[in-house]
Amino acid sequence: MIQVEALSKDYKSVRVLQGINWAIEDGAFVIVTGRSGGGKTTLLSIVGGLTRPDAGRVLIDDTDIWQLSEPDLAALRNEKLGFVFQFPSLIPTLSVLDNVLLPIAFGDKSPNLEDLKFATSLLEMVGISGKDGQYPAQLSGGQQRRAAIARAMIKRPAIILADEPTGDLDEKTEAEIMDLFQSINGQGTTIVMVTHALDYAKIGKTYTLKDSHLFPYEDSEASPRDLTRGGELRHDA
Ligand SMILES: Nc1ncnc2c1ncn2[C@@H]1O[C@H](COP(=O)(O)OP(=O)(O)O)[C@@H](O)[C@H]1O
Ligand SMILES: [Mg+2]
């Protein structure tokens, strides 16, 4: 379970997030949309323990992650979270298989035979078995994305955070990658995804980040004032 409480973040004089409250249940598929520059990446990276908020808390399974020491936070990220960034960010000098195994190497042990078998099965699951010995540059954009998704799954994270994972892909490949995320979610992994692919908004609970606040998508055309009830601002769902 992820709980976000009164989260705020400014960059210099720019207010990016203000007083965001948000709860994400285990096993949910949650989508965040909103205009470019609206703070979606910032929100995802604060939730993922990569960017420190100015105020507020992020609880992951009741751990207040921004109270942890840097090594403990790194360990939590490595154990509980998988990241799929906006660009596949594979290491060009490593084979696809070694890229997938990289989070293991960042942990406290070297990959063993079981890890190797699991990485191979993940490559099969994401549809690029046979590419394990190739290098990222030899893969198409969609295949690179699949490898990045396999890498995000190698530590069997409870949660995958994905930032516009299909932004640079053609429609057909986008549909395939979204199917893949749905099947990963179907196996119990919580997915928090930033996307403009609103055709897919129906697959999960969708929010819009607008004017530094998070709204349920249905209300996204409303202004913050419209959500005021009895003098209390409702920023959460
Ligand atoms: N590291 C940073 N330093 C300064 N400003 C930043 C930084 N990261 C993001 N911003 C600013 O914060 C705002 C939100 O950015 P971002 O979270 O990337 O939005 P989105 O992902 O919705 O496009 C933008 O105005 C952006 O320029
Ligand atoms: Mg972004």
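All figures in this text were calculated on a predicted structure; none of them were measured in a lab.

Caption draft 1: View of helix H6 (residues 171-186). An ideal rise of 1.5 Å per residue puts 22 Å on 16 residues; H6 measures up with 22 Å between its terminal C-alpha atoms. Those residues of H6 lying buried are Thr173, Glu174, Ile177, Met178, Leu180, Phe181, Ile184 and Asn185. The arc enclosing the buried residues of H6, seen along the axis, measures out at 155 degrees, which places them on a common side. Facing away from the buried side of H6 by over 90 degrees, the exposed positions are Glu171, Lys172 and Gly186. Of the surrounding secondary structure, the elements contacted by the buried residues of H6 are strand E3 (29-33), strand E6 (81-84), helix H4 (113-125), helix H5 (141-153), strand E7 (159-163) and strand E8 (190-194). Capping of H6 at its N-terminal end is provided by Asp170; its side-chain oxygen lies 3.1 Å from the backbone amide nitrogen of Lys172. Gly188, located one to two residues past H6, shows a positive phi value of around 110 degrees.

Caption draft 2: The site of ligand 1, seen in detail. Surrounding ligand 1, one finds Tyr11, Val16, Arg35, Ser36, Gly37, Gly38, Gly39, Lys40, Thr41 and Thr42. Contact distances for ligand 1 include 3.1 Å between an oxygen atom and a backbone N or O atom of Gly38. In the model, an oxygen atom of ligand 1 is placed 2.7 Å from a nitrogen or oxygen of the Lys40 side chain. Per-element tally for the shell around ligand 1: the top contributor is helix H1 (residues 40-47), with three residues.

Caption draft 3: Summary view of the pairing of strand E1 (residues 2-11). Relative to strand E2 (residues 14-24), E1 runs antiparallel, the two sharing seven bridges. Across the sheet, the residue bridging to Asp10 is Arg15, located in E2. Between E1 and the antiparallel strand that follows it, E2, lie two residues; Lys12 among them carries a positive phi value of about 50 degrees. The pairing of E1 with strand E4 (residues 55-60) spans five bridges and is classified as antiparallel. Across the sheet, residue Ile2 finds its bridge partner in E4, namely Ile60.

Caption draft 4: The packing of aromatic side chains, seen in detail. Using the criterion set out here, one finds two aromatic pairs in the structure. Their ring planes at 80 degrees and their centres at 5.6 Å tell us that Trp22 and Tyr207 sit as a pair that is edge-to-face. Placement of Trp22 in strand E2 and of Tyr207 in strand E9 (residues 205-210) is noted, with a sequence separation of 185 residues between them. For Tyr207, a relative accessible area of 2% translates into the label buried.

Caption draft 5: Structural view of unusual backbone geometry. The backbone phi angle of Asp61 is positive, close to 45 degrees, even though this residue is not glycine. When you line up the elements, Asp61 lands in the loop between E4 and strand E5 (63-64).

Caption draft 6: Spotlight on the pattern of salt bridges. Going through the model one piece at a time under the given rule, you end up with 11 salt bridges. With its nearest N and O atoms 3.0 Å apart, the salt bridge here joins Glu176 to Lys172. Pair noted here: Glu176 and Lys172 are both in helix H6, with a separation of four residues, about one helical turn. Within the structure, one salt-bridge network assembled from shared partners comprises Glu5, Arg57 and Asp64.

Rules of the game
By convention here, each chain's residues receive numbers from 1 onward along its written sequence. Chains carry letters and ligands carry numbers; both start at the beginning, A for chains and 1 for ligands, and go up in the order they are written. Note on the predicted model: pLDDT of at least 70 is required for a residue's local features to be given, and 80 or more for side-chain atom pairs to be given and counted; whole-chain, interface and lining totals, by contrast, use all residues. With hydrogens and water excluded, all non-hydrogen atoms of the structure serve as input to the side-chain values. Only DSSP runs of H or I covering at least 4 residues are called helices, and only runs of E covering at least 2 are called strands; the numbering of each starts at the N terminus. To estimate the expected span of a helix, count its residues, drop one, and scale the result by 1.5 Å. Here's how the labels work: a residue is buried when its accessible area is under 20% of the maximum for its type, exposed when over 50%, partly exposed in between, all with a 1.4 Å probe on protein chains only. The arc under discussion is defined with respect to the helix axis, by the directions toward the C-beta atoms. In this analysis, two residues are considered to be in contact whenever any of their non-hydrogen atoms come within 4.5 Å of each other. Any pair of nitrogen or oxygen atoms within 3.5 Å is treated as a polar contact; in protein, a donor-acceptor pairing is required on top of that, and neighbouring residues in sequence qualify only through side-chain atoms on both sides. Here a residue is near a molecule or strand as soon as one of its heavy atoms is found within 4 Å of it. Pairing between two strands is assigned when DSSP locates at least 2 bridges connecting them. Ring pairs are drawn from Phe, Tyr and Trp, using the six-membered ring of Trp, whenever the two centres fall within 6.5 Å, and their geometry is named by plane angle: stacked under 30 degrees, edge-to-face over 60, tilted for the rest. Within this document, salt bridges are pairs made up of a side-chain nitrogen of Lys or Arg and a carboxyl oxygen of Asp or Glu, the two lying within 4 Å of each other.

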